[in-house]
Amino acid sequence: MKAPQITRSNARSAGRWALATLLLAAFGYVGGVGMTSLFPTTVETKFYSADVRMGLVPDSTVRLPTLLGDVSVGFDGPLPAPGIIVDAQLRKDVTEAFAGRTPTPAQFQPSPAELDTAARAGLTGVAWRFVLGLALTAGALLVARRAWRNPRASLVTAAGALALSLVAPALAGYVTYHERHIGEVRTTSLLSMARNDLSILTDLEKRTSESSRYITSVLALSSALQTKYAPRSTAAPTALRVMFVSDIHGTNQYALMRDIIRSERVDVVVDAGDLINFGSVREAEAAGIFRSIERLGVPYLFVRGNHDATSATDTALLDRMSKVPNVVTLQPNSRLYTKVTMAGVTFGGFNDRRFYGDGDPKDKSIHSGARKHFLSTWKDNEVPAPDVVVSHEPGAVEDGFEDDQLLISGHTHTPHRDGNWMTVGTFTGGGLFGARLAQGAEKGTEVQTQAYSFDIAEFDTGCSLTTMRRYTFTGILQGRPELQSTNVLSGRQFVPEAADDRQCAGPVEPVTVPVRGE
């Protein structure tokens, strides 16, 4: 019996069928999304009502937009899932019940159980509406094209299109929208403050206007969402909180840093360099930086940046920093490194070989010698590679390290992340090196600064990096720092979870071990 041959006519027919199926699936998907927007799913908690709908772009993100900023929860599941948009507001009966009275944030916050119930109801309702919209759109298109002249082909086309446009998003949503896949929680504007400091609502509680009631309720909802859905790799308790800063550039904002350390319960500060501007210790002395670092009340790990020396052999700043009681220099001199262990988490790092006035060479190979010396010294001394490696310039930590090491750099004044490498933004807006006039501004007008930021990492008792929280500010030079946004990233987006046999706990006081090289 001869095998059936694929003729040119059959091939064209199959191509037309495939194209028709894809087009029908695309229109059906748009129709399904449109149905969820025309007839959104309404869910309720004790105080809130929300309309839930699908977004057109499959970005695996749940967004809650408000007038005070947005809350978005990003998922890093194996498949890109349709986005979900939640338009939340106070229930009308709640608004009327609070008429003439001043509500408090605690009254407004939904419980985790309420959020779970609302999430399940919202996803279920959206799914049914999507299926209905998809089916109606596909049927209407088939009828419009008079496809029923060939019922068999039409049914096959419709079935293929429905399967493609229904199964793909349904499967993506099912495997992606789980709490274990939460990769990032981002808040913007005023909502960024609600997670860590609900005391900002004190004045709002004293007002009885509708606007203050709205503001109070939105901030309370934001705080509850951030608390509930903050991404964590494991459920183990936190063993160590690390604050990463960089590029102070002679600006003494350590009073602000001290407040952050206290409010965030930070155990150690890691500074990726450029403490000063022109390589002179007198800059830091005049600004009172050494005294302010000592007053932070926590250990301060430091590597030298390209603005922290006047020559390749200048160690004046490192020598002065070593005299500050709570400071540990991760590379005290060209032949000595320091391994620091805190609650079981290990740190190491190496200095920038560049210096102020070196002509600013752009060649990344300038860092290869310092990197190779660091790696070989630890290996020759049979010292296990540190969990966290710090060096000032991004080019210094680009290669040669393991995937399970967190690599930290500064220098660019712009926060950035690529796998297990993270560049820390400038904590002070870059000081003299970040101030500039607004474009087109005349002399005497107020200067602008770069956005400034810092990061707080949490390690659990299994030594895994659980979360990395990034805070971004503006306006420090004008004396009016304003929080722009907060990003909370899952630690697994940086490094894999630590081995099961590791334990990190106990005292957080630094234990230092010298690692000597040739």
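Throughout this document, residue positions are counted from 1 along each chain, in the order its sequence is written. Predicted model: local features are reported for residues with pLDDT of at least 70 only, side-chain atom pairs are reported and counted for 80 or more only, and whole-chain, interface and lining totals are derived from all residues. For the side-chain quantities, the full set of heavy atoms in the structure was used; hydrogens and water were omitted.

**Q** So what about the confidence of the model for the protein chain? Which residues, and what values?
**A** Chain-level pLDDT for the protein chain is 78 on average; 71% of the residues reach the 70-or-more range. pLDDT: the predictor's confidence for each residue, scored from 0 to 100. Residues are treated as being in contact if the distance between any of their heavy atoms lies within 4.5 Å. Throughout residues 196–212 the model reports pLDDT below 50, and contacts reaching past four residues in sequence, or to other chains, amount to 24 contacts. Within the model, pLDDT remains below 50 along residues 436–448, and this stretch shows 14 contacts once partners closer than five positions in the same chain are excluded.

**Q** So what's going on with helix α13 (residues 368–380)? Which residues, and what values?
**A** Over its 13 residues, α13 extends 18 Å from the first C-alpha to the last, a length consistent with the 18 Å expected when each residue adds 1.5 Å. For each residue, the accessible area found with a 1.4 Å probe, counting protein chains only, is set against the maximum for its type, and the residue is called buried under 20%, exposed over 50%, and partly exposed in between. By definition, any uninterrupted DSSP run of H or I lasting at least four residues is a helix, any uninterrupted run of E lasting at least two residues is a strand, and each is numbered from the N terminus. For α13, the complete set of buried residues consists of A370, R371, H373, F374, T377 and W378. End-on, the buried residues of α13 take up no more than an arc of 165 degrees, which puts them together on one face. Away from its buried face, by an angle of more than 90 degrees, α13 presents the exposed residues K372, K379 and D380. In a helix, the anticipated span is given by 1.5 Å times the number of residues less one. The arc in question is the one traced by the directions running from the helix axis out to the C-beta atoms.

**Q** Summarise the layout of surface pockets; cite the residues concerned and give the values.
**A** Think of a 1 Å grid over just the protein atoms. A cavity is a set of points where a 1.4 Å probe fits yet cannot get out, a pocket is an open set with protein on both sides within 12 Å along at least five of seven lines, and lining residues have an atom within 4 Å of a point. Grid points are joined across faces, edges and corners, and a volume is the space filled by probe spheres set on the points. Reported here for the largest pocket is a volume of approximately 1100 Å³. If you go around the largest pocket, you meet 44 residues; those closest to its centre are V62, I84, A119, G122 and L123. Listed by contribution, the elements that provide at least two residues to the lining of the largest pocket are β1 (41–44), β2 (48–54), β3 (61–66), β4 (69–75), β5 (84–90), α4 (112–144), α5 (151–176) and α8 (210–229). A class-by-class count of the residues in the lining of the largest pocket yields 33 nonpolar, six polar and five charged. Following the grouping adopted for this structure description, the nonpolar residues are Ala, Val, Leu, Ile, Met, Phe, Trp, Tyr, Cys and Pro, the charged ones are Asp, Glu, Lys and Arg, and the polar ones are all others, Gly among them.

**Q** How would you explain the packing of aromatic side chains if you had to name every residue and give the values?
**A** Between 30 and 60 degrees the pair is tilted, below 30 it is stacked and above 60 it is edge-to-face, where a pair is any two Phe, Tyr or Trp rings, Trp via its six-membered ring, whose centres lie within 6.5 Å. All chains considered together, the criterion is met by nine aromatic pairs. Note on Y254 and Y300: the rings are 6.2 Å apart at their centroids and 55 degrees apart in plane angle, and the pair reads as tilted. With Y254 in helix α9 (residues 254–264) and Y300 in strand β9 (residues 300–302), this residue pair connects regions lying 46 residues apart in the sequence. Accessibility assignment for this pair places Y254 and Y300 in one class, buried. Arranged with centres 5.3 Å apart and planes meeting at 45 degrees, the rings of F374 and W378 form a pair that is tilted. In this pair, F374 and W378 both sit in helix α13, four residues apart, roughly one turn of the helix. Grouped by ring-pair contacts, the aromatic residues Y337, F350, F374, W378 and F401 constitute a single cluster.

**Q** Talk me through a nonpolar patch on the surface; I want residue IDs and the actual numbers.
**A** Residues V30, L56 and V57 make up a contiguous nonpolar surface patch of roughly 270 Å² in combined accessible area. Looking at where V57 falls in the secondary structure, it is placed in the loop between β2 and β3. The class of V57 is exposed, set by a relative accessible area of 54%. Candidate patch residues must exceed 30% relative accessible area and have no salt bridge, after which like charges are joined if within 9 Å and Val, Leu, Ile, Met, Phe, Trp or Tyr side chains if within 5 Å. Residue-level accessible areas treat just the shown protein chains as cover; the underlying method is Shrake-Rupley with a 1.4 Å probe. The rule for a salt bridge is simple: a side-chain nitrogen of Lys or Arg has to be within 4 Å of a carboxyl oxygen of Asp or Glu.

**Q** How would you sum up the pairing of strand β12 (residues 345–349)? Please name residues and give values.
**A** Within β12, five of the five residues are buried, which leaves the element mostly enclosed by the surrounding structure. Relative to β12, strand β11 (residues 336–342) runs antiparallel, the two being bridged by three bridges. Within β12, the position partnered with M342 by the bridge is V345. For two strands to pair, DSSP has to find at least two bridges joining them. In this structure, the hairpin formed by β11 and β12 is closed by a connection of two residues, where A343 is found at a positive phi of approximately 50 degrees. Summarising the sheet, β12 and strand β13 (residues 388–390) pair through three bridges and their orientation is parallel. Residue pairing for β13: G348 is matched across the bridge by V389.

**Q** Go over the pattern of salt bridges, please, and point to the residues and values.
**A** As enumerated under the stated definition, the model contains ten salt bridges in all. When the shortest N-O distance is used, the salt bridge between D59 and R63 registers 2.8 Å. Through salt bridges with shared partners, one network takes in R354, D358 and E393.

**Q** Explain the side chain of N351 to me, and be specific about the residues and the numbers.
**A** Tracing the chain through its elements places N351 in the loop between β12 and α13. Note on N351: relative accessible area 6%, which makes it buried. Pairs of N or O atoms within 3.5 Å make up the polar contacts considered here, provided that, within protein, one atom can donate a hydrogen while the other can accept it, and that residues adjacent in sequence are counted only when both atoms are side-chain atoms. Within polar-contact distance, the side chain of N351 engages the backbone nitrogen of R304 at 2.9 Å. Other than its neighbours up to four places away in sequence, N351 contacts V303, R304, L318, Q331, A370 and S391.

**Q** Give me the lowdown on the state of the cysteines, citing residues and values where you can.
**A** Cysteine sulfur atoms that pair up within 2.5 Å are treated as a disulfide. All told, the structure shown has one disulfide when counted by the stated rule. Note on cysteine connectivity: C463 is disulfide-linked to C504, with sulfurs 1.8 Å apart. Because the sign of the S-S torsion sets the handedness, a value of about 105 degrees for the bond joining C463 and C504 places this disulfide among the right-handed ones. With a gap of 41 residues between them, C463 in the loop between β19 (452–460) and β20 (465–474) and C504 in the loop between β21 (482–490) and β22 (511–516) connect regions that are remote in the sequence. As far as burial versus exposure is concerned, C463 and C504 are alike and both buried.

**Q** Describe the environment of P384, naming the residues involved and giving the relevant values.
**A** As for its placement among the helices and strands, P384 is situated in the loop between α13 and β13. Overall, the relative accessible area of 54% leaves P384 in the exposed class. Through-space distance from the C-alpha of P384 to that of K339 is 9.6 Å; in sequence the pair is 45 residues apart. Those residues within four positions of P384 in sequence are excluded, and the remaining contacts are K339 and W378.

**Q** If you had to explain unusual backbone geometry to someone new, which residues and values would you point to?
**A** In terms of backbone geometry, most residues other than glycine have negative phi values and most peptide bonds are trans. In the Ramachandran plot, S60 falls in the positive-phi region, its phi being about 55 degrees despite a non-glycine side chain. For S60, the position within the fold is in the loop between β2 and β3. Relative accessible area serves as the criterion here: at 6%, S60 is assigned to the buried category. Look at D247: it is not a glycine, yet its phi comes out positive at around 55 degrees. Structurally, the position occupied by D247 is in the loop between β7 (238–245) and α9. Note on D247: relative accessible area 0%, which makes it buried.

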